[in-house]
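Observations on chain architecture
One-letter residues, chain by chain:
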Amino acid sequence: MRVGILGPLQVAGGAVGGARVRALLVRLALDPGRVVTTDRLIDDLWPGEAPAHPMAALQSLVSRARREAPGVISSHPAGYALDVPPGEVDAWAFERLVRAGDVRRALALWRGPALADAADLPFATAPAARLEELRLTALATRIAADLNTTITTDPATAQGATTADHPDHPERGAGLVAELEGLVAAHPLREPFHALLMRALTTQGRRAEALALFERIKAALAEELGVDPGPELREAHLEALRDAEPKSNLPARLTSFVGRSEDMSRLKDRLGRARLVTLVGPGGAGKTRLAVEVAAGLHVPDGVWLVELATATGVRAALEGALRTTDPVRALRGTAPLIVLDNCEHVIEEAATTARTLLSEVAGLRILATSREPLDIPGETLHHVLPLPEGKAAELFAERAAAARPDLRVEPEEAARICRELDGIPLAIELAAARLRTMPLSVLVRQLGDRLAFRGGRTAEPRHRTMRAVIDWSWNLLSDRERELLRGLTVFSGGATYEAISQVCGGDLDLLSSLVDKSLIAVSGDRYTMLETIRQYAAADLPELRQTHARYYTELAETADPHLRTGEQLKWLAVLDAEQGNLDAALRHSDDPLRVILPRLWSWIIRGRHREINEQAASVLRRVGDTPPPGRELAHGICRVLAGFAPTEAVLESDHPAALNSWALAGVGTPADVVSLTERQSGRLRDHPDLWTRSAALLATGIVRFEYGAVAGAEDLLVPAVDGFRAVGDRWGQWAGLFWLSLVAENHGDFATAVTLAEEPERLATELSGLDTPLGPMTFLIRVGQLKGRAGDHAGAARALGQAWESAVRSDDQAIVARVMHARAELARRTGHPEEAARLLETALALDVEVSAQLRAYMNVELARVREPREPLRRALELMATCSDRTARATVLEGVAEHLEPEASAELLGAARALRGIGESADPHVNELAARCRAALGEHGYREASARGASIPNPERYALRPLSSP
């Protein structure tokens, strides 16, 4: 709305200054687009006594109004007009919407008392009263509509609403009552509000309160106005006098109901659309409790009946007993009740037949069924009752634990961990929480492996006293072939595809579908999954089947392995990720673990899971011993290299991807050993027929050359390696090659090129989405931010480091936080904020977290640039004393050189250049420092000092001398 007078005056959404100016605009807004004469305006705005010069006063007022609200007042020979279409004045729009019946949109326009800024002027009295009356009428219409929108009387209306919008929903109904109580208090003689409040109370089952309210308003009307209640009040009185309490045999609630609000909303919605809704799910998931809670929350005048079938000998007999009739169809015909058929699974055929007959014969009937498998009749809508999500499960555990031991505090993380172990199954959670009455929490955690034996209370039904009894109920309903297949499925970990199940277990699709229907397994995407609780119950000693399982997943890994070095890399990584549980199980149980581990090594390398590689290799070696079985020499040799032993000939002569750099991963031998082994591999594989293998050999050799000082030759190897990986579509190879090329450019001081080369690996690392520190996506983001800052792109650096900071804070990884703080401090110093840089660095250095010696040295070098330098530089040099990273040492030496006399500075620059293995640096900062040294020493003196520095065996110790002198 352009002009608002339903509340404080607003023009174009803003406030207007000056009380008289606001009154003028309010007056004009009552007749938008029409000329209001000057005489009329003077009379309305100065009703008591007009000013000495009324025309001048009005003109002055109009001028002020035009300054406050430009473009809304137009002049006319006879007066002034609000130059705004009526539809853009909220009061006019309000009236139009009310007349059109759109009361919700109309009421949304109301912001406070109408014409509030002219409340003390007579011209506003009648319009304000008329608008307020219209508002109260609209409000009553809206509330009446809310009361009439119930899922039991108007399902079509309910289809577009959420459950909480329905008046029979406890939260919504209570909200309407509270709203009406406020309106009745504010308008004690307004009959429509009293009538609506009586109806709302009746709908909530508070009939006595509704009748008492009628007596009070009846007496007030007689005393104050001398009249009797009108038709609306009398009709609401009659409705309250009727037997409004729904008929029901539902049990009363004994405990709180936790974690199923979304299920209740969906079920109420589905019961508004379908006449048969069946809750299906595993034993212990809480189907019965959910059904009873939903049924109890509905307003069903013709009754809600619970028919318990768990111990029934027949469905018909149980139905007749609940309804107290020998002819249920005849008793129900012509009514609209709700029947809850509970625990249908053990009488499923009769339950399905009975439900179909009832629904066919009783048009108004709805059925809410619970079963571990569908009734499978026309018109059935299924609602899967799944285990609770972690947060809701933890809430349930905490509440039940508090009931068992009020003095016990369970931390949310501990509750969540227990609930994960229990699959989020409500019954298992309640049984576990009850045990806290007799044992400490730590003991309960150790007992979780025996969850099937947890016992319930004395009055629990036998089938609910333990989780074992719960699953017994389902197990006893299975055929022998179904039991055999369920046992077989326990060899899988993390679910399985149909192809895997058919190959390993030989189970046909009909049997598998039957187990899904009976809620013993579930379908998630293209996989069949099983709860760990059911796995524990059904698990058996199946050595032959485990070997079949291991062979199948070994063959899957072998099939995937060559695809990991092609353009299908991401697709096959996703397959291996989905099957990680099964692949790990295959490695644990296989009689031939060396065959299993070999095709898995490269996927671990791609994902950066170096710790997993080493742990699994050590585990396999413990199982097979020091002597390789025939035909497994290569896998055995690679595992030994990963465990720290020298490579065997089988490894040295292999072109397997893991063999190409396994010793580099494991850090075997001296740097000279690594260089020698890598160069030998590169020479042997230079003419290999496979492009990927040639590229991998070039990559490994380029990395080793860069790491161990031959920087000049690294680029010549890395560039063709990246080209080869691009040609075959291997993202990992491109990522690794570009990353190291970026390091080469950075080592030369060419930061602009380093940025370009670093940005693409960031994208590739994100696509691979499994690289963990130190080469994960966040690390790339930090690196790109630092490089952009050094290249002069301060805005780009700020954006990258801002994203890195947000991610670091979310990750709660203090080591990453420290790295980002160091990068941000460097940028702050470069952009002229030394105090901010110092604050960030001092905070990062004070963090109680382990970071690398290199990072701590870098932070001290940076701190020396914004604080007194001597102590930070000493710490940085001491940290580098035993460091093997040549580029890190060079960076620190260059930083120290900034603070020394020209001759010592030139010597350290020479030492740094020697460590980097380069000629002249492209780093502007280093070149500026070198220029200062040349100016002080002369070209010859600078070259001599630089050459001396390049030959110093321990430049860090040498650099400490001038810092130690007073």
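Rules behind the numbers
- Residues numbered from 1 in each chain as written.
- Predicted model: local features only at pLDDT ≥ 70, side-chain atom pairs only at ≥ 80, totals over all residues.
- Heavy atoms only, no water.
- Phe/Tyr/Trp six-rings, centres within 6.5 Å; stacked < 30°, edge-to-face > 60°.
- Helix = DSSP H or I, 4+ residues; strand = E, 2+ residues; numbered from the N terminus.
- Buried < 20%, exposed > 50% of the residue type's maximum accessible area, 1.4 Å probe, protein only.
- Contact = heavy atoms within 4.5 Å.
- Axes fitted to C-alpha atoms, helices over the stretch in contact; angles between N-to-C directions.
- Parallel < 35°, antiparallel > 145°, perpendicular 65-115°, else oblique.
- Left-handed = near helix turned anticlockwise from the far one by under 90°.
- Nonpolar A, V, L, I, M, F, W, Y, C, P; charged D, E, K, R; others polar.
- Pairing = 2+ DSSP bridges.
- 1 Å grid on protein atoms, 1.4 Å probe; cavity = no way out; pocket = protein on both sides within 12 Å on 5 of 7 lines; lining within 4 Å.
- Points joined across faces, edges and corners; volume = space filled by probe spheres on them.
- Polar contact = N/O pair within 3.5 Å; in protein donor to acceptor, adjacent residues only side chain to side chain.

Focus: the packing of aromatic side chains
In this structure the tally under the stated criterion is 10 aromatic pairs. With centroids separated by 6.3 Å and ring planes inclined at 80 degrees, the aromatic side chains of F492 and Y553 adopt a geometry described as edge-to-face. Residue F492 is found in the loop between α22 (480-489) and α23 (498-504), and its partner Y553 is found in helix α26 (residues 543-563); the two are separated by 61 residues along the sequence. Pairing Y552 with Y553 gives two aromatic rings, centres 4.9 Å apart and planes at 80 degrees, and the pair type is edge-to-face. For the pair formed by Y552 and Y553, the shared burial category is buried.

A word on α22
Every buried residue of α22 is listed here: E482, R483, L485, L486, G488 and L489. The inward-facing, buried residues of α22 contact α21 (467-475), α23, α24 (509-517), α25 (532-538) and α26.

Looking at the packing of helix α17 (residues 390-404) against helix α19 (residues 426-434)
Where α17 contacts α19, the axes come no closer than 8 Å and their chain directions differ by 30 degrees. Classed by the angle they form, the pair α17 and α19 counts as roughly parallel. In this structure, α17 meets α19 at a crossing whose hand is right-handed. When α17 is examined against α19, the residues A393, L396, F397, R400, A401 and A404 are found in contact with a partner set consisting of P426, I429, E430, A432, A433 and A434. Of the residues belonging to the contact of α17 with α19, the class tally is 10 nonpolar, no polar and two charged.

Some details on the sheet that holds strand β7 (residues 304-308)
Spatial ordering of the open sheet is given by β7-β8-β9-β6-β10, a layout of five strands whose pairing is parallel. The open sheet is flanked by β7 and β10 (380-384), the only strands paired with a single partner. The average undirected angle you get between the axes of adjacent strands in this sheet is 20 degrees. Relative to strand β9 (residues 366-371), strand β8 (residues 338-342) runs parallel, the two being bridged by four bridges. The residue of β9 that forms the bridge with I339 is I367. Contacts from helix α12 (residues 261-271) reach β6 (276-280), β8, β9 and β10 within the one sheet, and its direction differs from that of β10 by about 180 degrees.

Structural notes on empty space enclosed by the protein
Across all of its chains, the model carries four cavities of 30 Å³ or more by this definition. Considered as a void within the structure, the largest cavity measures approximately 100 Å³ in volume. Forming the boundary of the largest cavity are A557, L573, L576, D577, Q580, L583, P599, R600, S603, W604, R607 and R609. Sorting the residues of the lining of the largest cavity by element identifies α27 (569-578), α28 (580-589) and α30 (601-607) as the ones contributing at least two each. Its residues placed into classes, the lining of the largest cavity shows six nonpolar, two polar and four charged. Approximately 80 Å³ is the volume attributed to the second largest cavity.

Some points on the side chain of S603
With respect to the helices and strands, the residue S603 is situated in helix α30. In this structure S603 comes out as buried when scored by relative accessible area, which is 9%. Within polar-contact distance, the side chain of S603 engages the backbone oxygen of R600 at 2.9 Å. Discounting residues that sit within four places of it in the chain, S603 has contacts with L564, L573 and L576.

Overview of the pairing of β6
Counted residue by residue, β6 has five buried out of five residues, so it is predominantly covered. Of the two faces of β6, the one carrying L276, T278 and V280 and the one carrying V277 and L279 are both buried. In the sheet, β6 pairs with β9 via five bridges, with the strands oriented parallel. Paired with L279 across the strands is T370, a residue of β9. With five bridges connecting them, β6 and β10 associate as parallel partners. By the bridge assignment for β10, V280 is matched with H384.

These values are about where atoms sit, not about what they do.
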